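Structural features, examined
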Amino acid sequence: MNRKDLPLLQLLKPHNAWVAWLLLVLAIAITLLFWQFSILLVEDRTEARFRTQSLQLKTAIEERLLNYEQVLAGSAGLFSVAGDVSREQWSEYVHKVDINRYYPGIQGIGYVERIGVREMADHIASVRAEGVHKYLVKPLGVGPFYYPMVYLEPGTERNRKALGYDAFSDPVHRKAMERSRDDAIPTVTAKVVLVQEELAEGQASFLMYYPVYQGGEVPDVQAERRRLLAGYVFSAFRMNNLLDGIVGLISPFLDVRIYDNGVVSRENLMYGSNLGSLDNEFSFDMSQTVSHGGRDWLLQTRSTPAFDYLASDPRPSIVLGSGVAISLLLFMVALVLIRSRLLAQISEGRYRAITEGAANVTLVMNEAGVPLYSSPSSFDILGFDPGEVQGLALENLVHEDDWPLLRQGFDDAIQAPGQQMPVIRARIRDAADNWRDMEGTYTDMLTVPGVNGVVLSLRDLTQLKAAQAELHRLAFYDPLTGLANRQLFRDRLNNVVSRSRRSGEPAALMFLDLDGFKRINDTLGHDAGDELLRQVAQWIEGCVREEDSVARLGGDEFVVLLSQVSGTDAAAKVAEAILRRLCQRVRLNDHEVGITVSIGITMILHDSEDPGALMKFADLAMYRAKEMGRNTYQFFTPAMNIKAARRLLQQEELAAALDGERFVLHYQPKVDLVSERVIGVEAFLRWHHPEKGLVSAQQFIGLAEETGLIVRLGEMALRQACIQVQALERAGFEDLKMAVNLSVRQVTDTHFLDMIRQVITETGVSPEKLELEMPVELLNEDARMLRELLISLNDLGVCLILDDFGAGACSLVALQQLPLDVIKIDHRFIRDIPYNVSATDVASAVIALARKLHLTVVAEGVETPQQLSFLKSAGCTQCQGNLFSYPLDEDALIGFLVRQYERPLISGS
């Protein structure tokens, strides 16, 4: 057994080495756990070190401030013992204290004396007599007392600058001095810049004041303290000098910041070590409050990269590296053990691995052809228990016609040991006595240890043939109806055309399209539509012979190929049979619907010998049947082809005209019969044809609807009408409304509502000036969809008009439920007034009904004074028609509107 028997990638697969992988995952998990634990220990130790240094720093600052307070208490005691202290005595005392050595940070210890206004001149003279020649109290206030600095030691040049400064004049100093005086305690000032500081060295400083009272004793009453105050001893401190030594000794690698009054801001910053990172990142931070002398300082400490580096510990990395190494070692040891076990299994089970595949039946036979072994797959494929096959004679399982070939293959294999024989096909009987198509090969392995027999490997072809049949069905048959699809029908049509060409016998091709299928599909759903298509397919097949072909091309389009007919009469009889069979009512989803079909017929060889042309001719004939009222059939005639070509040319002309913007609007005034004034106009589309001149919409609107160009054309007309509304407003006709006609194809377009909103937004027209005229055929569409659409339009503020009322079926319930504003009486009723009694009755009824429903009635097509007189007497409120004005272009409309304001329109008609 060599390494090629078990490659490394095969060994590493989870189903082979799952134990090793599990061991590796557990070991890695434990390693990560210990690694995280060691990190936490290091972090805890580092945090403890940080907190210890932070607490020690606070303690050191408080101890130092307390020591400085004791120095001041001693200085105040000097006055209590000696009474008056001369400048020489004060200098000697401070010199003996040796502040530079024992009290770093103190800039000096001084004395502030309280001087009355009347004593000021004597005071200045006495100080100058002591050798301070330029001494002067500053700044001078209004009294009654001043508190100049009289003594300040050590007597450096800087400190001498502060002599005579009245600190009480500064609010910061005054606040601390007053509290020290009243409470007889040392107090600390807020952040200040010392008088003796150079301008460039304006670092943060503070002063500590200690009160001195006359007589040396502290009065018990506050009023007495204020009266007997003699002055203050004080110390001035520079924060950097005070804290650098402490921070450098206790926490040299911490970023330390102190803020006055406990407020973190740049103005309150007393001290900053500036050791933090540029990105202001830190691992630990701590805030403490240092309270002394009536002042609270916020002490902030943060760790720095240097602190983190010094506190780093290599033990987590050691734990991680060691754990990963041990995990990999355990993984490798487990792989070695697993490989040994798998190699042993391969050595023992190679034979079974070959023979027990589920795809093939493997038989091992002795030299006489008696089965010795059968793979377990024989039960899955043939239904035999592998143990039973050994007792069966192979000859009894093989079809008698295939046995000689199978036996010859066995003999050939014996003659060529070790070689795989050619494939042999045979029918094998399974346990259910069904014949299964199989193919197999023999291999003589009589001398191979562990096999010692002739191996027959059989592969079942039954499923393969079934799959091939299914692929053929999917490729050539419609999955919904089971009829032939377009591809198979094209082959059949080619064959019938070729046969008719040879024999000279005619055949017929029918193109069928269901009438109103889209409405059924949209209303009842696609499931109902699919069920109807399946039913129609069965009915059509029942109307033709077995040698004829029926196919579904897609949607609701079917074709019938009559392979041989005697003539047009025979084809017509088949068409009539299909019409009768399909003209019935069907129950779908608890709804009963009626269906009909339109059929186009073309005769093979007579109309054409080209299959593509025949399909086209049958399609044209079907459309002619649709135009003839549907539920009928039409034979193809050459005139249909000419008409289709002409229609295609018109479609191309229409599209080119739309791209070239050759459409304009004309406007017909609409008159209010009460005020006898024009209250609006209706926009009519016109086509500037290069040859025919101005073409009315009636000549091309039907083609635009069929081709779908009506959507683009309608948007163009609406946009141009909105622009015209703006032009009329600028001309002074602000109250006029603009009516625009819509088609069913436009309104049912999925983007119709978005288009309306976009045009209104882009043109800036007021929606109240816009009237949308919708055809009465729209009421045949889905009621719920229509209601939702009209409600949305009504919410926009546009006026909704139902056009051509009375021309088609209209539900009174729809009139009541839909948010309509106006109905227009169809012009065909107006045309026959007053000579046709039925027309006058219908017009009167419509006007009365509209008034009951609180709808405005507009009569269109008014052309005679008699019609106008009748409409006024019937209660109609608005009219339009050639009696008032023909549709006018933009310029003529402006002139007409100007003239109608000069005289009443109706009386002048």
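Overview of the structure. Predicted model only: the values in this text are computed from it and were never measured.

1. Let's talk about the overall build of the protein chain
- Summing up its helical and strand segments, the protein chain has 32 helices and 31 strands in all.
- With respect to the three principal axes, the spread of C-alpha positions in the protein chain is 150 × 125 × 50 Å.
- Here the protein chain, with 909 residues, has 44% of them falling under the buried criterion.
- Long-range pairs, those at least 24 residues apart, make up 63% of the contacts in the protein chain with a sequence separation of at least 6.
- Accessible surface computed for the protein chain: about 47100 Å², of which carbon and sulfur atoms make up 53%.
- Counting 90 positive and 118 negative side-chain charges, the protein chain places the averaged centre of each group 3 Å from the other.

2. Some remarks on helix α32 (residues 890-900)
- For α32, the complete set of buried residues consists of Leu893, Phe896, Leu897 and Gln900. With its buried residues spanning 100° around the axis, α32 presents them on a single face.
- Tucked into the core, α32 has its buried residues touching β23 (663-672), β24 (677-689) and α24 (710-730).

3. A short note on the pairing of strand β15 (residues 435-445)
- In terms of burial, β15 is largely enclosed, as eight of its 11 residues are buried.
- Where strand β14 (residues 424-429) and β15 come together, six bridges link them in antiparallel fashion. Looking across to β15, one finds that Arg425 is bridged to Glu439.
- Taking the residues that link successive antiparallel strands as the turn, the β14-β15 hairpin has five residues, and the phi of Asp433 there is positive, at about 65°.
- The sheet contact formed by β15 and strand β16 (residues 453-460) spans eight bridges and is antiparallel. Residue Glu439 lies in a different strand from β16, and its bridge partner there is Arg459.

4. Points about the environment of Asn268
- Position of Asn268 relative to the elements: it lies in the loop between β8 (254-260) and β9 (269-272).
- Counting along the chain gives 77 residues from Asn268 to Lys191, while the straight-line C-alpha distance between them is 7.1 Å.
- Not counting residues up to four positions away in its chain, the partners in contact with Asn268 are Lys191, Ile258, Tyr259, Asp260, Asn261 and Val263.

5. Structural notes on the packing of aromatic side chains
- Under the definition given, this model contains 19 aromatic pairs.
- With a centroid separation of 6.3 Å and 50° between ring planes, the pair formed by Tyr147 and Tyr232 is classed as tilted. With Tyr147 in the loop between β3 (145-146) and β4 (149-153) and Tyr232 in strand β7 (residues 229-238), this residue pair connects regions lying 85 residues apart in the sequence. Both residues of the pair, Tyr147 and Tyr232, count as buried.
- Their ring planes at 15° and their centres at 4.7 Å tell us that Phe206 and Phe237 sit as a pair that is stacked. Remark: Phe237 occurs in strand β7 and Phe206 occurs in strand β6 (residues 205-213); sequence separation between them is 31 residues. Phe237 carries the same exposure label as Phe206, and that label is buried.
- Within the aromatic cluster, the residues linked to one another by ring pairs are Phe79, Trp90, Tyr93, Tyr111 and Tyr151.
- If you follow Arg114 out to its NZ or CZ, it ends over the ring of Phe145, 4.4 Å from the centre.
- Lying over the aromatic face of Phe168, Arg174 brings its terminal NZ or CZ to 5.6 Å of the ring centre.

6. A closer look at the environment of Thr750
- Looking at where Thr750 falls in the secondary structure, it is placed in the loop between α25 (744-747) and α26 (752-763).
- As a C-alpha pair, Thr750 and Trp35 span 715 residues in sequence and 62 Å in three-dimensional space.

7. Looking at a nonpolar patch on the surface
- Where nonpolar side chains cluster on the molecular surface, the patch consists of Trp18, Val19, Leu22 and Leu26 and spans about 400 Å² of accessible area.
- As for its position among the elements, Trp18 is in helix α2 (residues 14-82).
- Taking the relative accessible area as the measure of exposure, Trp18 reaches 52% and is therefore exposed.

8. Thoughts on the pattern of salt bridges
- All told, the structure shown has 27 salt bridges when counted by the stated rule.
- Glu609 is paired through a salt bridge with Arg501; the nearest N and O atoms lie 3.2 Å apart. Pair noted here: Glu609 is in the loop between β21 (591-604) and α21 (611-627) and Arg501 is in helix α17 (residues 486-503), with a separation of 108 residues, a long-range link.
- Note on Glu609: relative accessible area 40%, which makes it partly exposed.
- If you follow the salt bridges from partner to partner, you end up with Glu682, Glu773, Lys824 and Glu860 in one network.

9. With respect to the packing of helix α18 (residues 517-524) against helix α19 (residues 526-541)
- The interhelical angle for the contact between α18 and α19, taken along N-to-C directions, is 140°, at an axis separation of 6 Å. Overall, the two elements α18 and α19 adopt an arrangement that is oblique. Contacts between α18 and α19 involve Phe517, Ile520, Asn521 and Leu524 from the former and His526, Ala528, Gly529, Leu532 and Leu533 from the latter.
- Its residues assigned to classes, the contact of α18 with α19 comprises six nonpolar, three polar and no charged.

10. Some thoughts on the sheet that holds strand β5 (residues 187-188)
- Across the sheet, which stays open at both edges, the five strands sit in the order β4-β1-β7-β6-β5 with antiparallel pairing between neighbours. Only two strands of the sheet have a single partner each, and these edge strands are β4 and β5.
- Across nine bridges, the pairing between β6 and β7 is antiparallel. Note that in β7 the partner of Phe206 across the bridge is Phe237.
- Strands β1 (106-113), β4 and β7 of the sheet are contacted by helix α3 (residues 87-97), whose axis makes an angle of about 35° with β4.

11. Notes on the side chain of Thr602
- On the secondary structure map, Thr602 appears in strand β21.
- A polar side-chain atom of Thr602 sits 2.7 Å from a polar atom in the side chain of Asp607.
- Thr602 has contacts with Ala507, Ala508, Leu509, Asp607, Leu614, Phe617, Ala618 and Phe636, leaving out every residue within four places of it along the chain.

12. Some thoughts on the pairing of strand β30 (residues 856-860)
- Extensive coverage of β30 is indicated by the burial of four of its five residues.
- In this structure, strand β29 (residues 822-825) lies alongside β30, joined through four bridges in parallel fashion. Bridge assignment links Lys824 to a residue of β30, and that residue is Val858.
- Two elements, β30 and strand β31 (residues 878-880), share three bridges in a ladder whose sense is parallel. Each residue of the ladder has a partner; that of Glu860, found in β31, is Gln880.
- Handedness of the crossover joining β30 and β31 through helix α31 (residues 865-874): right-handed.

Definitions and cut-offs
- Residues numbered from 1 in each chain as written.
- Predicted model: local features only at pLDDT ≥ 70, side-chain atom pairs only at ≥ 80, totals over all residues.
- Heavy atoms only, no water.
- Helix = DSSP H or I, 4+ residues; strand = E, 2+ residues; numbered from the N terminus.
- Buried < 20%, exposed > 50% of the residue type's maximum accessible area, 1.4 Å probe, protein only.
- Contact = heavy atoms within 4.5 Å.
- Areas by Shrake-Rupley, 256 points an atom, 1.4 Å probe, with all protein chains shown as cover.
- Lys, Arg positive; Asp, Glu negative; His and termini not counted.
- Charge placed at Lys NZ, Arg CZ, Asp CG, Glu CD.
- Arc of directions from axis to C-beta.
- Pairing = 2+ DSSP bridges.
- Phe/Tyr/Trp six-rings, centres within 6.5 Å; stacked < 30°, edge-to-face > 60°.
- Lys NZ or Arg CZ within 6 Å of the ring centre and 35° of its normal.
- Patch = residues over 30% accessible without salt bridge, like charges linked within 9 Å, V, L, I, M, F, W, Y side chains within 5 Å.
- Salt bridge = Lys/Arg side-chain N within 4 Å of Asp/Glu carboxyl O.
- Axes fitted to C-alpha atoms, helices over the stretch in contact; angles between N-to-C directions.
- Parallel < 35°, antiparallel > 145°, perpendicular 65-115°, else oblique.
- Nonpolar A, V, L, I, M, F, W, Y, C, P; charged D, E, K, R; others polar.
- Polar contact = N/O pair within 3.5 Å; in protein donor to acceptor, adjacent residues only side chain to side chain.
- Right-handed = clockwise from strand over helix to strand, strands pointing away.

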